[in-house]
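Structural overview for review
Each chain, written out:
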Amino acid sequence: MQTLAVDHPLVAHKLTTLRDVRTDSPTFRRLADELVTLLAYEATRDVRVADVTVRTPLVTADGVQLASPKPLVVPILRAGLGMLDGMTRLLPTAEVGFLGMIRDEGSLQAQTYATRLPDDLSGRQCYVLDPMLATGGTLAAAIKLLFDRGARDVTAVVLLAAPEGLAHLEEAFEGTGAPIRVVTAAIDSHLNEQGFIVPGLGDAGDRLYGVV
């Protein structure tokens, strides 16, 4: 597993405002969208392409375009929806699947309540969107589901990651050889007793959409 914490002043600037408890939901949504686009630039560095030749107004030129099968972007409901536009802005031809997963606050285990994905993901590059990599249970379950359906490799794009969550992913897929990459704006200090990332930014879903 590879982990990349994107070191860029614009990433740090937007993340700082997201952390601020005074940031309202409309501003939080806008900044999360912008931050995901910056993370997506790094997350797609290894996206699969095919060589093509095009004609410019003057001559022919060699270039590349995204190869088939198309990448699959998978936001984890509900908070992952707040990251979808920022990701597809860079991958407008990608297909989008959805995973509904919720963490049991007692056991901290992930439970799946909805899936909208192709049954066969053979050869597909998948990008999973979830704002917080906290305990790692939800993300590990999502990634396992994608590999079980034949995904070629999986990149997780998260706003924040905790060391405990990264360690859980490492352990969950140790020895499998599964090509996994985590791209995040920052790796925070630790999880508190409730399983929240510290210093973190609170509950991303609530800050994106309010408490429902």
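Cut-offs and rules
- Residues numbered from 1 in each chain as written.
- Predicted model: local features only at pLDDT ≥ 70, side-chain atom pairs only at ≥ 80, totals over all residues.
- Heavy atoms only, no water.
- Helix = DSSP H or I, 4+ residues; strand = E, 2+ residues; numbered from the N terminus.
- Buried < 20%, exposed > 50% of the residue type's maximum accessible area, 1.4 Å probe, protein only.
- Pairing = 2+ DSSP bridges.
- Phe/Tyr/Trp six-rings, centres within 6.5 Å; stacked < 30°, edge-to-face > 60°.
- Lys, Arg positive; Asp, Glu negative; His and termini not counted.
- Salt bridge = Lys/Arg side-chain N within 4 Å of Asp/Glu carboxyl O.
- Contact = heavy atoms within 4.5 Å.
- 1 Å grid on protein atoms, 1.4 Å probe; cavity = no way out; pocket = protein on both sides within 12 Å on 5 of 7 lines; lining within 4 Å.
- Points joined across faces, edges and corners; volume = space filled by probe spheres on them.
- Nonpolar A, V, L, I, M, F, W, Y, C, P; charged D, E, K, R; others polar.
- Arc of directions from axis to C-beta.

Relative to the helices and strands, Asp7 is located in the loop between strand E1 (2–5) and helix H1 (9–19). What makes Asp7 exposed here is its relative accessible area of 77%. For the pair Asp7 and Ala186, spaced 179 residues apart in sequence, the C-alpha to C-alpha distance is 8.2 Å.

Here we take up the pairing of strand E8 (residues 125–129). Judged by how many residues are buried, E8 sits mostly within the fold: five of five residues are covered. Side chains Gln125, Tyr127 and Leu129 of E8 all project onto a buried face; the interleaved residues Cys126 and Val128 project onto the opposite face, where all are buried too. Pairing between E8 and strand E10 (residues 153–161): five bridges, direction parallel. Following the sheet pairing, Val128 is matched in E10 by Ala156.

The next subject is the packing of aromatic side chains. For the coordinates displayed, the defined rule picks out one aromatic pair. Ring geometry for Phe147 against Phe173: centres 6.4 Å apart, planes inclined by 65°, an arrangement best described as edge-to-face. With Phe147 in helix H4 (residues 137–148) and Phe173 in the loop between helix H5 (163–172) and strand E11 (180–187), this residue pair connects regions lying 26 residues apart in the sequence. The class for Phe173 is buried, based on a relative accessible area of 13%.

Let us now look at the side chain of Arg207. Relative to the elements of secondary structure, Arg207 occurs in helix H6 (residues 204–209). In this structure Arg207 is buried but unpaired, with Asp20 as the nearest side chain of opposite charge at 6.2 Å. Not counting residues within four places of it along the chain, the set of residues in contact with Arg207 comprises Leu18, Arg19, Asp20, Val21, Thr23, Ser25, Phe28 and Leu201.

On to the pattern of salt bridges. Counted by the stated rule, this structure contains 11 salt bridges. Across the pair Asp119 and Arg149 runs a salt bridge whose closest N-O atoms are separated by 3.7 Å. Taken as a pair, Asp119 in the loop between strand E7 (110–116) and E8 and Arg149 in the loop between H4 and E10 lie far apart in primary sequence, 30 residues in all. Residue Asp119 is classed as exposed on the basis of its relative accessible area, which comes to 66%. Assessed through its relative accessible area of 22%, Arg149 is described here as partly exposed. Through salt bridges with shared partners, a single network forms among Lys14, Arg30 and Glu34.

Counting across every chain of the model gives one cavity of 30 Å³ or more. There is about 30 Å³ of room inside the largest cavity. Lining of the largest cavity is provided by Val47, Arg48, Ala67, Pro69, Lys70, Pro71 and Gln125. Looking at side-chain class alone, the lining of the largest cavity contains four nonpolar, one polar and two charged residues.

Those residues of H5 that sit buried are Gly165, Leu166 and Leu169. Down the axis of H5, the buried side of the element spans an arc of 100°, and every buried residue falls inside it. Against E1, strand E9 (132–133), H4, E10 and E11 lie the buried residues of H5.

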